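Listed below, chain by chain, are the residues.
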Amino acid sequence: MGGLSALILILAVVGLLLGKASLTLEEILAVLIGQGTPMSGFVIGELRMPRILTALVVGACLGVSGSVFQTTLRNPLASPDIIGTTAGASAIGVVSIVIFGISGFPLALTVIAGALVIATAMYLLAWRGGMSAYRLVLVGIGVAAICSGIVAFVLSRSDINDAQAALVWVTGSLNNSSWSALLPVTCCAVVILFALATLTRSIHTLEFGDDTAAGLGVPVERTRLAAIATAAALAAVGVSTAGPLAFVALAAGQVARRLLGTGIPGTAVSGFVGAALLLAADLLAQFAWPATAFPTGVVTGLVGAPFLIWLLIRSNRTGSGG
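Below is a summary of the structure that appears in this document.

What counts and what doesn't
- Residues numbered from 1 in each chain as written.
- Predicted model: local features only at pLDDT ≥ 70, side-chain atom pairs only at ≥ 80, totals over all residues.
- Heavy atoms only, no water.
- Helix = DSSP H or I, 4+ residues; strand = E, 2+ residues; numbered from the N terminus.
- Buried < 20%, exposed > 50% of the residue type's maximum accessible area, 1.4 Å probe, protein only.
- Areas by Shrake-Rupley, 256 points an atom, 1.4 Å probe, with all protein chains shown as cover.
- Lys, Arg positive; Asp, Glu negative; His and termini not counted.
- Charge placed at Lys NZ, Arg CZ, Asp CG, Glu CD.
- Polar contact = N/O pair within 3.5 Å; in protein donor to acceptor, adjacent residues only side chain to side chain.
- Axes fitted to C-alpha atoms, helices over the stretch in contact; angles between N-to-C directions.
- Parallel < 35°, antiparallel > 145°, perpendicular 65-115°, else oblique.
- Left-handed = near helix turned anticlockwise from the far one by under 90°.
- Contact = heavy atoms within 4.5 Å.
- Salt bridge = Lys/Arg side-chain N within 4 Å of Asp/Glu carboxyl O.

1. Re the overall build of the protein chain
At step 1: Scanning the protein chain from terminus to terminus reveals 14 helices and zero strands.
At step 2: For the protein chain, the succession of helices and strands along the chain, N to C, is α-α-α-α-α-α-α-α-α-α-α-α-α-α.
At step 3: Here the C-alpha coordinates of the protein chain stretch approximately 65 × 50 × 35 Å along the principal axes.
At step 4: A burial count over the protein chain gives 49% of its 322 residues as buried.
At step 5: Surface summary for the protein chain: the accessible area is close to 14800 Å², and the carbon and sulfur share equals 70%.
At step 6: Mean positive and mean negative side-chain charge positions of the protein chain (14 and 11 charges, respectively) differ by 11 Å.

2. What to know about the side chain of S240
At step 1: Note that S240 resides in helix α11 (residues 220–242).
At step 2: A polar contact is formed between the side chain of S240 and the backbone oxygen of V237, at a distance of 2.8 Å.

3. Description of unusual backbone geometry
At step 1: The phi dihedral of F247 is positive, around 75 degrees, even though this residue is not glycine.
At step 2: The topology assignment puts F247 in the loop between α11 and α12 (248–260).

4. Quick look at the packing of helix α4 (residues 85–98) against helix α6 (residues 133–156)
At step 1: Packing of α4 against α6 leaves a shortest axis separation of 8 Å and a crossing angle of 20 degrees. When the interaxial angle is binned, α4 and α6 end up roughly parallel. For α4 against α6, the interelement crossing comes out left-handed. Residue-level inspection shows A87, G88, S90, A91, V94, V95 and V98 of α4 in contact with α6, the latter providing A144, C147, I150, V151, V154 and L155.

5. Observations concerning the environment of F247
At step 1: Judged by its relative accessible area of 16%, F247 is buried.
At step 2: In this structure the C-alpha to C-alpha distance between F247 and A305, which are 58 residues apart in sequence, comes to 7.4 Å.
At step 3: Other than its neighbours up to four places away in sequence, F247 contacts D81, T300, G301, G304, A305 and L308.

6. What about the pattern of salt bridges?
If the charged atoms of two oppositely charged side chains come close together, the side chains can form a pair.
At step 1: Counted under the stated rule, the structure contains two salt bridges.
At step 2: Here R51 makes a salt bridge to D282, at a shortest N to O gap of 2.8 Å. Linking R51 in helix α3 (residues 38–73) with D282 in helix α13 (residues 267–287), this pair joins segments that are 231 residues apart in sequence.
At step 3: Judged by relative accessible area, D282 falls into the buried class, the value being 2%.

7. Notes on the packing of helix α8 (residues 179–197) against α11
At step 1: Packing of α8 against α11 leaves a shortest axis separation of 10 Å and a crossing angle of 165 degrees. It follows that α8 is roughly antiparallel to α11 by the angle criterion. In terms of crossing hand, the pair formed by α8 and α11 is left-handed. Here V185, C188, A189, I192, L193 and L196 of α8 come into contact with α11, specifically with T230, A233, L234, V237 and T241.

Set out below in structure tokens:
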């Protein structure tokens, strides 16, 4: 975590330095201690800092969410963007933006509430005298397909300007980052993370199997439902802020496993990994191609898709993918 913190700090400094209005380290330090010029203060305080902090909050939420899904379902391929939670939140967001014109903090609350409803529905559909992780993944894939169809239908029937704004959001972008959007969403994330912290011990006990966890006094189904609900809420926080950024949640838990050298992805470490991954992806999206800037979701998709293919091949060889 110390190494990841250092990496995040380096990436944040790079994010503050780069841009059309080039700044030096001395100018950045002057702004941070309240002695910068009005121009440098505006560039850092209103343009770059909110974007960097938004990337950190969203990345941490997605990383923790992916880790909880993988731990609870005992499947390395389980993540909110694979089993349909992210797609459901995306559909709720597009309908809210295009049809009802909701934005800002009300949009975040709507997406979080909708994601919880969809996660509960998937859990109930996968229930057959008990919850099977394999059934939940299959149900989630079906729900994701339905939600993708809803998104396509709403975009095809909407005004071109609304469709353009919604399409950027669906791709995943940090372009609309601001203090007014960041602060309430961060408060929601802190509340959900606090609720998750009370479940951490029980969630990791589920790694040993349902029978062992029950023998150790863990209420298995209640713990699993609560874990899935909190993980879905965290994913919805990220989606409501930056759209459905692909593969961050999936990759964070896997990277954390390899950094720790254990079979269990540390929840906190996964959050740090998610924050670092998203911040790095956003920097690439902004500055890797000088002629143009891309939505952050384009970069996470280009990097994440080969990672998913590699993970599927590896899981198929080892039999660890469920």
